[in-house]
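# Overview (structure and organization)
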Amino acid sequence: MVAMHSDPRFLDLKRRLTGFVFPASIAFLAWYLLYVVMSVYARGVMSTVLFGDVNVALVFGVLQFVTTFGIAILYSRYANRRLDPVADELRAELTGAPAHDELRGGRA
Amino acid sequence: MSEVSGMLLAAEASSSSRVITMLLFTVMIAATLGITVWASRQTKTAADFHSGGRSFSGIQNGFAIGGDYMSAASFLGIAGMIALFGYDGFLYSIGFLVAWLVALLLVAELLRNSGRFTMADVLSYRMQQRPVRTAAAVSTIVVSIFYLLAQMVGAGALIALLLGIQPGETFLGMDADTAKIMGIVVVGILMIVYVSFGGMKGTTWVQIVKAVMLMGGAALLTVMVLAEYGFSLGALMSDASQASGAGQSFLEPGLRYGVEVPGDALQTLWNKLDLISLGLALVLGTAGLPHILIRFYTVPDSKAARKSVNWGIGLIGSFYLLTLVLGFGAAALVGKEAITAQDAAGNTAAPQLAQVLGENVGGDTVGAVLLAVIAAVAFATILSTVAGLTIASSSSLAHDFYNSVLRKGRASEREEIKVARLSAFGIGAVAIILAIFAQGLNVAFLVALAFAIAASANLPTLLLSLFWKRFNTQGAVAGIYGGLVSAVGLVVFSPVFSGSEKALIPSIDIAWFPLSNPGIVSIPLGLLCAVVGTLMSGENNPRRFAELQVRALTGAGAEGASQH
């Protein structure tokens, strides 16, 4: 287990994971906060009517739904392609190894 | 529409509607108890009790996540808020949805791979067990009790309203006040029974059934609302904004949150900061709610956990879009006057809308039936959320506190399950009593407070545990207590608690913190406590950290599904 932590393949897996989830988290949090801050401080912009009764605020709100669904889909596709195969390979190697006791060593 | 909107729910809730409502409530109680009896026969091991044997599929758990998360506050509260304040209710629901990305990207899979039953399993993995588990159990129970209290007080009021009992009126010999207490007691007893007998299996199935009912009910009402407007959203929106009396500003932010007070620049500033603070707590709180976190343990592996969060996001997102239509529909078809006459906070807007829609389609009888159906859906909503909260608290008490702290991990599975069942009784009893005393309180802020504590105490420590090598026992303990105390403490000194007529304790004035939502201060404070606490202690366990990360990322050594 501990040795695996410095295995190049594990380091690659970790880079792949954090390389997606950290930037994505910062992006969606910034995007959400921009929406909240604009709802508070840029009401003039938010109330601009685009067509009919549809204003910027409504479009911005619906876009939050779109980006949430979008990021979830993108992440899942990324995880299926780029994370799962590596994780599966490393897990098979670790659980096949004789050092089975160490796996269960933690009183989690 | 003015004739319709002028009528009150109570006047319309004829005895026929009440009889149907009671009948549906009874059917639902019987069905959920049936599920509980079945589940209790399947519950043998600790993994069965705490995690439903980890054998639910991703889709099943996705529905259960929806059932757990879409509380009465979501269904009735947000629909009512949109009906009364328009856009701001929608804004509130968006925080609840976006928050799920934190759970999906940073928490769900890693937690599933590295823990067993509770949040504390991950927090304490590379720490000294007893102090960290104690802190995590305290925070789990505080968050869950606040959330539970909000649901139960709401349930009492709601059941009285759904049965259409007005002050001064009696039903089955109960006046409104007695009916409220009866509502709290019935909900409390049911959740104790679900959890202590059915464990996580029973709770999960109750949540799945509820999610299907809720989505079905909301979709039906949405189609009926849109049909009234020839399926033109534009026509619905313009009618809603006109009927609201607020005109165009009904469709813009600012009627409910971040309100601009003319001539009072300071109060305006606080109101605006308060909304940002609320937004932060909502978006960062979800992934720290213990009753949500333990749902990820009910599936066989981390891929299923990912799939279940995706289903949850799909269901919750669609539901909030439906709620927008329902809120606008209630504003247009029921009207502000009729809604506030029934309930000042707008919590009955959705059932009232159901009644009006039914009447428009097929007269009083259909109105009564549809009202009863939506009332039953609301009742199911309350039951499944309180069950989820109860099992989160009782699992943490039994697994973290009793077994790990008191018995130093030596308790047998049988003992742990027995203690978990007893804990469900204890927590249920405490919740019933507190809820009866808390009845007069404005409970909306309790939910926001639960989110703020989860975001301040739980999420920072959880993320630091998974990603920061240097993190240690003192940091985890300081982070949890620091976040917990600052969130609760700031609320005690906020205008919600004292110093105004609307406060919990109007007779005293100790309010110096100007915001009613503590998140903007308490979340950074919780994080700061965790970091400073860590750096002030020399403890450093890179080997256990390496082990935790390898487990979390690869799933090696993760608990598998139990074989029955």
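Residues numbered from 1 in each chain as written. Chains lettered and ligands numbered in written order. Predicted model: local features only at pLDDT ≥ 70, side-chain atom pairs only at ≥ 80, totals over all residues. Heavy atoms only, no water.

### Some remarks on the overall build of chain A
The secondary structure content of chain A amounts to 4 helices and 2 strands. Within chain A, buried positions represent 47% of all 108 residues. Nonlocal contacts in chain A, meaning residues at least 24 apart in sequence, comprise 59% of its contacts between residues at least 6 apart. About 5,400 Å² of surface is accessible on chain A, with carbon and sulfur atoms providing 68% of the total. (Helix = DSSP H or I, 4+ residues; strand = E, 2+ residues; numbered from the N terminus. Buried < 20%, exposed > 50% of the residue type's maximum accessible area, 1.4 Å probe, protein only. Contact = heavy atoms within 4.5 Å. Areas by Shrake-Rupley, 256 points an atom, 1.4 Å probe, with all protein chains shown as cover.)

### Focus on the interface of chain A and chain B
Note: interface size is frequently given as the accessible area lost on complex formation between the parts. With 59 residues of chain A at the contact, the number on the chain B side is 69 residues. In total, about 5,400 Å² of surface goes out of reach between chain A and chain B, with carbon and sulfur atoms giving 69% of it. The tally of links between chain A and chain B comes to 3 salt bridges. A salt bridge links glutamate 260 of chain B to arginine 43 of chain A; its shortest N-O distance comes to 3.5 Å. Among the secondary structure elements, those contributing two or more residues to the side of chain A that touches chain B are α1 (8-41), α2 (43-46), β2 (54-55), α3 (56-96) and α4 (100-104) of chain A. Broken down by element, the residue count for the side of chain A that touches chain B peaks at 21 residues, all from α3 of chain A. For the side of chain A that touches chain B, the class distribution of residues is 36 nonpolar, 14 polar and 9 charged. (Buried area = accessible area lost by both parts, 1.4 Å probe. Salt bridge = Lys/Arg side-chain N within 4 Å of Asp/Glu carboxyl O. Nonpolar A, V, L, I, M, F, W, Y, C, P; charged D, E, K, R; others polar.)

### Some thoughts on the environment of serine 500 of chain B
Residues and elements named next belong to chain B. For serine 500, the position within the fold is in the loop between α19 (473-492) and α20 (519-535). Exposure remark for serine 500: the relative accessible area of 29% places this residue in the partly exposed category. In the structure, serine 500 is positioned 247 residues away from proline 253 in sequence and 25 Å away in space, judged by C-alpha atoms. Apart from the residues within four sequence positions on either side, serine 500 is in contact with Pro495 and Pro506.

### Topic: empty space enclosed by the protein
It is a probe the size of a water molecule, rolled over the atoms, that shows where empty space is left. All names here are of chain B. The full count for this structure, using the stated rule, is 6 cavities of 30 Å³ or more. If you add up the space inside the second largest cavity, you get close to 50 Å³. Met28, Thr32, Val206, Val209, Lys210, Met213, Ala380 and Leu383 together form the lining of the second largest cavity. At the level of elements, α3 (15-42), α10 (176-228) and α16 (349-406) are the ones that each hand at least two residues to the lining of the second largest cavity. Its residues assigned to classes, the lining of the second largest cavity comprises 6 nonpolar, 1 polar and 1 charged. (1 Å grid on protein atoms, 1.4 Å probe; cavity = no way out; pocket = protein on both sides within 12 Å on 5 of 7 lines; lining within 4 Å. Points joined across faces, edges and corners; volume = space filled by probe spheres on them.)

### A look at the packing of aromatic side chains
Residue and element names in this part refer to chain B. Across all of its chains, the model carries 23 aromatic pairs over all chains by this definition. The interplanar angle of 75 degrees and the centroid separation of 5.8 Å between the aromatic rings of tyrosine 87 and phenylalanine 90 together place this pair among those described as edge-to-face. One end of the pair is tyrosine 87 and the other is phenylalanine 90, both in helix α7 (residues 87-114) and 3 residues apart, which spans about a single turn. For tyrosine 87, a relative accessible area of 2% puts it in the buried group. Judged by its relative accessible area of 0%, phenylalanine 90 is buried. In textbook terms, an aromatic cluster arises when at least three aromatic residues are bridged by ring pairs, as seen for Tyr69, Phe75, Tyr92, Phe96, Trp100, Tyr147, Tyr257, Phe319, Tyr320 and Phe451. (Phe/Tyr/Trp six-rings, centres within 6.5 Å; stacked < 30°, edge-to-face > 60°.)

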